[in-house]
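Chains, contacts and geometry: an overview
Letter by letter, the chains look like this.
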Amino acid sequence: PDLKVLYFKGNELLRKIPNYRRRMIKELINLTYLDDKPIDECERLSVNAFWIGGLKAERETRSKYRLERDFGHIVKKQQDKDKIEIEKMREQSIK
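**A look at the packing of aromatic side chains**
Following the criterion strictly, the structure yields 1 aromatic pair and no others. Taking the centre distance of 5.2 Å and the plane angle of 85 degrees together, the rings of Phe-50 and Trp-51 count as edge-to-face. The class for Trp-51 is partly exposed, based on a relative accessible area of 29%. Looking at Arg-22, its charged tip hangs above the ring of Phe-50, at a distance of 4.0 Å from the centre. The aromatic ring of Trp-51 is capped on one face by Lys-26, whose charged end is 5.3 Å from the ring centroid.

Put into structure tokens, the structure is as follows:
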């Protein structure tokens, strides 16, 4: 379904559905907002990891996503510096 927003907050039936939020996010791939919270890329990736590898996989995915988000620019900057250094070394070896 092309459902983008779903609001069941306060519905007593939800207590009987194991992993309610995870299940909804997994099954409704176009969902962008569930109850009182938006669904961001990190949560969607983490939920997918949960269904593949359990809670440990979910936590690892969330942690990795946040590290890349928060420190990815530092890694990219270092990679760019490394490329420049490698290019300099190549140029010196040609001379």
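**Quick look at the pattern of salt bridges**
According to the stated counting rule, one finds 8 salt bridges in the structure shown. In this structure, Arg-15 engages Glu-12 in a salt bridge whose closest nitrogen and oxygen atoms are separated by 3.5 Å. Residue Arg-15 is classed as exposed on the basis of its relative accessible area of 71%. Glu-12 sits in the exposed class, given a relative accessible area of 52%. Close ionic contact of Arg-21 with Glu-43 constitutes a salt bridge, the shortest N to O distance being 2.6 Å. In this pair, Arg-21 is assigned in helix 1 (residues 20–27) and Glu-43 in helix 2 (residues 41–94), connecting sequence segments 22 residues apart. We note that Arg-21, like Glu-43, is buried. Taken together, the shared-partner salt bridges in this structure form one network comprising Arg-22, Glu-58 and Arg-62.

**So, the sheet that holds strand 3 (residues 37–38)**
Strand order in the open sheet formed by 3 strands is 1-2-3, and the pairing between neighbours is mixed. Each edge of the open sheet carries a strand with a single partner, namely strand 1 (5–6) and strand 3. Summarising the sheet, strand 1 and strand 2 (residues 33–34) pair through 2 bridges and their orientation is parallel. Bridging across to strand 2, Val-5 finds its partner in Tyr-33.

Thresholds applied
- Residues numbered from 1 in each chain as written.
- Predicted model: local features only at pLDDT ≥ 70, side-chain atom pairs only at ≥ 80, totals over all residues.
- Heavy atoms only, no water.
- Phe/Tyr/Trp six-rings, centres within 6.5 Å; stacked < 30°, edge-to-face > 60°.
- Buried < 20%, exposed > 50% of the residue type's maximum accessible area, 1.4 Å probe, protein only.
- Lys NZ or Arg CZ within 6 Å of the ring centre and 35° of its normal.
- Salt bridge = Lys/Arg side-chain N within 4 Å of Asp/Glu carboxyl O.
- Helix = DSSP H or I, 4+ residues; strand = E, 2+ residues; numbered from the N terminus.
- Pairing = 2+ DSSP bridges.

Read these as spatial facts, not as claims about activity.
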